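Residue-level structure breakdown
One letter stands for each residue in the lines below.
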Amino acid sequence: MAVPNSNFRAGTAALPSSKVEISVSCRKLRDLDILSKSDPMCVLFIQDIQSQRYIEIGRTETINNNLNPDFVKHFVVDYFFEECQRLKFQIFDVDTSSQSLSQQDFIGEVDLTLGEMVGAPGGCVKKSLTNKNLPGTSCGEILLRVEELGSNKEIITLYAKGTELDQKNWWGLFGKSDPFLTFYRANEDNSFTIVHKTEEIKNTLNPNWKPFTVPLKTFCNGDHDRTIKVQCYDWNASGNHEFIGEFLTNVRELSSNQARTFELKNPKSRKKKDSGKIHIHGAIEVENTFIDYIRGGMQMNFTVAIDFTASNGNPQSPESLHYLNPYCPNQYASAVTAVGEIIQDYDSDNMFPALGFGARMPDGSVSHEFPLNFEPSNPFCPGVQGVLNAYYQALSRVQLYGPTNFAPVINHVARFAAAVRDGTEYFVLLIITDGIITDMPQTKAAIVQASTLPMSIIIVGVGNADFTEMNILDGDVERLSYQGRVAERDIVQFVPFRNFLTTGSNMKVANAYLAKEVLAEVPDQILSYMKRYNIKPKPPLPSSVSNGRSSHFSNIPQEPPPPYSS
């Protein structure tokens, strides 16, 4: 008898695709640093069938001082048997904190199809990296392994500590080891793929690592009996970490009700006793998804904040970023449309607050937080088109001025978010700007505070300004902090619009790519908030077929909004 499939929906169609996970390792990379080794990072691109250009899918972490890296972060992509999915893996030596790949040293690349990887024995491919600027030069090798992911929604949280670990530092009594753990899952060909690495703990033989959570589909692809290898190393700044010992286990053992003790074994050690002990216990739970919260009635509240500073140029000039071209929307209107048309599907009343900042008002004052419809008691606009209409009208009623301050609009939305912290609502602020902000300290403080709230911030840079400083606010590389206080979550995503514009490009296509880029992190940001505050999704709402939407989920507050500052 066939087992019912939870993904089966009668009367619907489903694309026959699978999600696959790609792990990346490199060997004998070309060393581009003089006084140390390269700090490699892998970037994955996939070729768009329509435009034939390569689009960035994601990046691994950077591993310092290592010419033979095993990257912990893996790539997950949709696999379609019927498509030629061409992938490009590029390896860079990361020398700066900039997100721009042009600021990093290019080591080499490999171009192949996903089908080639899936069809390889064991799903494993080894290729030589090439660099067209260094023909005939060995740049190293890349090892790619692909594995189909199951639909397992379980996650495991592990707590680990060590006792009586071997001393690896040569200075003996004056220093101890700096231990860390690496976890690997077994493959069908008896090799192992790294799935997690803990932080190193300095100068101790009895470390207590921070608890960590990993999806089981990443940890063991949902197989509780799959072999897991755990290795313990003594960290060294040079990248030459010293092996302490290892042991084998599986998720079934790790998730037992009581802590398990494992002896570290080092086959090369001359000692008869073990190299220390690792004590681990874990707990498995089902991970809630973004869709679970949406089905439970969570509403997403969308607010737009538009830059009205003079650096945009005179709106009456075709050179201005605010110029209203009758044949093509400007970048401000395009960004509002691109993001708003996605989020409006998750907002029950389609009424969006729209703000402006950096403008001189009719009374001569300068405001960094004014409603585009000039109704302070009701700044809500009906749908995306309502926001655009208010924006167009505001251009004729204010004078572009300055400076460029973000903190007032961030704090405005944060006041609403602070009033609804039970998970029933989540707030997304879209800031569109043409230049570098002038209140960076205040903005940092506002974002760090907002990271405790059900709130995300999307910043779209328009025009050709230098947005390098903006990457500080985007915590992808290093979590934002202000005066020693670190943001609880990464809630900011910054993207320059020009990254999606090419000569003769279709604005509709550019909008689609922009929306995909800026909204990709929002579901995970929502989940990070819910998990941090232990908010579970509510039961799915019954369908409402009378009017399509339930009026009691309106996001218009019962109280009037906070007063606007000028």
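Note that this is a predicted model, so its numbers are computed, not measured. (Residues numbered from 1 in each chain as written. Predicted model: local features only at pLDDT ≥ 70, side-chain atom pairs only at ≥ 80, totals over all residues. Heavy atoms only, no water.)

1. Some thoughts on the overall build of the chain
Quick note on the threshold: Helix numbers and strand numbers start at the N terminus; a helix is a DSSP run of H or I with at least 4 residues, a strand a run of E with at least 2. Computation of the radius of gyration draws on C-alpha atoms, with the globule rule given as 2.2 Å multiplied by the number of residues to the power 0.38. Burial classification: accessible surface area is computed with a 1.4 Å probe over protein chains only, and a residue below 20% of its type maximum counts as buried, one above 50% as exposed, and the rest as partly exposed. By definition in these notes, contact holds between two residues if any of their heavy atoms fall within 4.5 Å. Per-residue and other accessible areas were derived by the Shrake-Rupley procedure at a 1.4 Å probe size, with only the shown protein chains allowed to occlude residues.
A tally of regular secondary structure across the chain gives 10 helices and 28 strands. A globule of 566 residues ought to have a C-alpha radius of gyration of about 24 Å, and the chain, at 26 Å, matches this closely. Expressed along its principal axes, the backbone C-alpha trace of the chain runs to roughly 85 × 60 × 55 Å. Here the chain, with 566 residues, has 49% of them falling under the buried criterion. Here the analysis covers contacts within the chain between residues at least 6 apart in sequence; of these, 70% occur between residues at least 24 apart. Approximately 28,200 Å² of the chain is accessible, and the part contributed by carbon and sulfur atoms is 51%.

2. Digging into the packing of aromatic side chains
As a reminder of what qualifies: Each aromatic pair joins two rings of Phe, Tyr and Trp (for Trp, the six-membered one) with centres within 6.5 Å, and gets the label stacked for planes under 30 degrees apart, edge-to-face for over 60, and tilted for any other angle. To sit over a ring, a charge needs its Lys NZ or Arg CZ within 6 Å of the ring centre and within 35 degrees of the ring normal.
By the definition in use, this model includes 16 aromatic pairs. In this structure, Arg397 packs its charged tip against the face of Phe374, placed 4.1 Å from the ring centre.

3. Remarks on the packing of helix α5 (residues 331-343) against helix α9 (residues 507-519)
Using the following cut-off: Only C-alpha atoms enter the line fits that serve as axes; for helices the fit covers just the stretch in contact. Angles between N-to-C directions range over 0 to 180 degrees. Angle categories: roughly parallel below 35 degrees, roughly antiparallel above 145, roughly perpendicular from 65 to 115, and oblique for all the rest. The crossing is said to be left-handed when, going from far helix to near helix, the turn is anticlockwise and less than a right angle, and right-handed when the turn is clockwise.
The N-to-C vectors of α5 and α9 enclose an angle of 60 degrees; their axes lie 9 Å apart at closest approach. Classed by the angle they form, the pair α5 and α9 counts as oblique. For α5 against α9, the interelement crossing comes out right-handed. When α5 is examined against α9, the residues Ser334, Ala335, Ala338, Val339, Ile342 and Ile343 are found in contact with a partner set consisting of Met507, Asn511, Leu514, Ala515, Val518 and Leu519.

4. Concerning the sheet that holds strand β9 (residues 154-163)
To be explicit about the condition: Pairing between two strands requires that DSSP report at least two bridges joining them.
Within the open sheet, the 4 strands sit side by side as β12-β9-β16-β15. Their pairing is antiparallel. This sheet does not close on itself; its edge strands, each paired only once, are β12 (212-215) and β15 (260-263). Put simply, the sheet's adjacent strands are angled 35 degrees from each other on average, direction ignored. Relative to β12, β9 runs antiparallel, the two sharing 4 bridges. Within β12, the residue paired with Ile155 across the bridge is Pro215.

5. A look at the environment of Ser177
This is how it is decided: Any pair of nitrogen or oxygen atoms within 3.5 Å is treated as a polar contact; in protein, a donor-acceptor pairing is required on top of that, and neighbouring residues in sequence qualify only through side-chain atoms on both sides.
The topology assignment puts Ser177 in the loop between β9 and β10 (179-186). C-alpha separation for the pair Ser177 and Asn330, spaced 153 residues apart in sequence, amounts to 58 Å. Within the structure, the side chain of Ser177 is placed 3.0 Å from the backbone nitrogen of Lys168, a separation counted as a polar contact.

6. Quick word on the nonpolar core
Inclusion rule: What makes a nonpolar core is a set of buried Ala, Val, Leu, Ile, Met, Phe, Trp, Tyr and Cys residues whose side-chain atoms join them at distances within 4.5 Å.
Ile306, Phe308, Leu372, Ile458, Val460 and Leu514 are the most contacted members of the largest nonpolar core, which totals 54 residues. For Leu372, the contacting residues outside a window of four places in its chain are Ile306, Phe308, Ala354, Leu355, Gly356, Ala390, Tyr391 and Ala394.

7. Quick word on helix α7 (residues 407-418)
Selection criterion: A helix is expected to reach a length of 1.5 Å times the quantity of its residues less one.
Relative to the 16 Å expected for 12 residues at 1.5 Å per residue, α7 spans 16 Å between its end C-alpha atoms, a close match to the ideal helical length. The buried count for α7 comes to 9 of 12 residues, which makes it a mostly enclosed element. Looking only at α7, the buried set comprises Ala407, Pro408, Val409, Ile410, His412, Val413, Ala414, Phe416 and Ala417. Buried residues belonging to α7 abut β17 (299-307), β18 (351-357), β24 (425-433), α8 (440-450) and β25 (455-461).

8. As for the sheet that holds strand β11 (residues 192-197)
Taken together, the 4 strands give an open sheet; going across it, the order is β11-β10-β13-β14, and neighbouring strands pair in antiparallel fashion. Edge positions in the sheet fall to β11 and β14 (242-249), since each has one partner strand and no second. The average angle at which neighbouring strand axes cross in this sheet is 25 degrees, direction not considered.

9. A few points about the confidence of the model for the chain
As a reminder, the rule being used: Across the chain, each position has a pLDDT score giving the predictor's confidence in that residue, from 0 to 100.
Considering every residue of the chain, the mean pLDDT works out to 87; 91% of them sit at 70 or more. Every residue in residues 1-16 scores below 50 in pLDDT, and together they form 3 contacts with partners more than four places removed in sequence or on other chains.

10. Focus: the pairing of β11
As judged from the 5 bridges shared by β10 and β11, these two strands associate in the antiparallel manner. The residue bridging Phe183 from the neighbouring strand is His196, located in β11.

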